[in-house]
Each structure stands twice: as structure tokens, then as C-alpha cells.
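The chain contents come next:
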Amino acid sequence: MSYYNEYVLVVEDDMQIRNFICYALNSEGFRYITAGTGQGALSLLVSEPIDLMLLDLGLPDVDGMEVIRKVREWSEMPIIVVSARDQDKEKAAALDQGADDYLTKPFSATELLARIRVALRHYYKQGGSRTQAIIQVGGLRIDFNKRLVYLDNQELHVTPMEYNLLSLFFKNIGRVLTTKYILKEIWGVDYGSDTQVLRALMAGLRRKIEKNPAKPRYIVTEVGVGYRLVDE
Ligand code: CA
């Protein structure tokens, strides 16, 4: 299997290392794009269909850990941390934050490419696919990096719980989410049949996103099962 179509984001402020990585990617036929800062990386993640990220932890503006944390808000894309830091503590922290693998400088092109192939294979095996940082359904838009919600281009003030609920739906557009599943994802525990707490949260959210909460256009009720964000 070849990965010639994969698009790799290289986040590295050291130009020598960046050139080395790009040269290696190029030799294998990967397409790539580069960023020298964390902010630059986050904006490219919004505008480009990135499949995998190679991330240096020591960036001039924000810590690489922060980049991992933000990306994991909305994407399960493979992240391979590339860093001079070889302490086990750093390594473990990056993996805990959601990185998939860790390369310590200096590394060979062969090792780099092998790790990329493994990460992509593992990701696709789990049924992974691209997620965008900003998704729009009708007039409703979510920005996962900024944790903001917009309705008809106006920023909407939602509570953290409402945001969590809405982002769960945006990660599952068009799919029916059962009440039990939502309770588990949002409250982190199995609330069993206590659906009252979800109904109250849903009512509050609908008042904000729906013109007519009694006849919802975005998140519809699947009677006896759960809810679904419509795929427009
Ligand atoms: Ca660096």
C-alpha cells in the first residue's frame, strides 16, 4: 500500500531539520506543507486537508503540547512528535495529550518514514478519516480550534456543556446518537436511563440554535432512540 496521496503538515522551527524532513517526505512521494510556529500550524490545519502532523514540541510561540491539545478537540489525525527532548517525562506527556508516536532527534529518514507509515496504517485500520477544524451545517458553524459556535455568522454564546454536546453532534453529522451514548460521552459516566439531564441541556441548546425549538431544523429527535444533527 502506498501513501502517496497523504498530505503531511511539518511543524518545525529549525530550518535544517525541516528541510531534512521535507527531503525525506519528498523522496517517498508524500505531499507536505510546513509551519514554523504553533499558530501557523493551527491555521493551516483549518484551511488545508491535513492527514498527518509531524510536530516539534519546542516552538517559538506556543508549546507543541498546546497544539496537540487543540487538535485533539476535533481530530484523531496521527500526530508524531519530533523533538530534541529525550526525557521520558516529555515523551509520556505528549502521548498522554494524544500524540501517536515520538521521534527523538537525531533520527534517520528511514525511521521517520517507517513511523509515518505505521501511524497511517493504524489510523485507517481504526476507520479514521479527515475531520475539518471548521464545519458548517446550514447556518450553524463550529470552530473546534477556537471552541466557538456561530449561527448565521453571529457568534453564539453557549455554555461549556452546550458546546460539548454540539461538538459531539458535529463529529457525527447525519448519524443518530442514542441517548445512552450521549450521556456517556458528555457526562463521562453511564447515566443509565436518567435522560432528564440531557433533555434539559438539549432544550437550552435548541433555544439558542433553532428558530423554532419545537420544530428543530438542526438537531432532530429520533423518537425513542436519540438525536441526530441533520446532514444538509
Ligand atoms: Ca524547535
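Up top is the structure these notes are about.
Residues numbered from 1 in each chain as written. Predicted model: local features only at pLDDT ≥ 70, side-chain atom pairs only at ≥ 80, totals over all residues. Heavy atoms only, no water.

So, about the coordination of the calcium ion. Distances from the calcium ion to its protein donors, D13 (OD), D56 (OD) and G58 (O), fall at 2.2 to 2.4 Å. For the calcium ion, the donor residues sit on a single chain with the sequence spacing D-x42-D-x1-G. Of this pair, D13 sits in the loop between β1 (7-11) and α1 (15-28) while D56 sits in strand β3 (residues 52-56), placing them 43 residues apart in sequence. (Donors = N, O, S within 2.8 Å, 3.2 Å for Na, K, Ca; no water. Helix = DSSP H or I, 4+ residues; strand = E, 2+ residues; numbered from the N terminus.)

This part covers the pattern of salt bridges. Two side chains with opposite charge may pair up if their charged atoms get near one another. Per the stated rule, a full pass over the model turns up 11 salt bridges. With a shortest N-O distance of 2.9 Å, E66 and R69 are connected by a salt bridge. Of this pair, E66 and R69 both sit in helix α3 (residues 64-71), 3 residues apart, which is roughly one turn of that helix. The exposure class assigned to E66 is partly exposed, which follows from its relative accessible area of 29%. Given the relative accessible area of 34%, R69 is considered partly exposed. Across the pair E73 and R147 runs a salt bridge, and its minimum N-O distance is 2.6 Å. Of this pair, E73 sits in the loop between α3 and β4 (79-83) while R147 sits in the loop between β7 (140-143) and β8 (148-151), placing them 74 residues apart in sequence. Here the salt bridges do not stand alone but share partners, grouping E66, R69, E73 and R147 into one network. (Salt bridge = Lys/Arg side-chain N within 4 Å of Asp/Glu carboxyl O. Buried < 20%, exposed > 50% of the residue type's maximum accessible area, 1.4 Å probe, protein only.)

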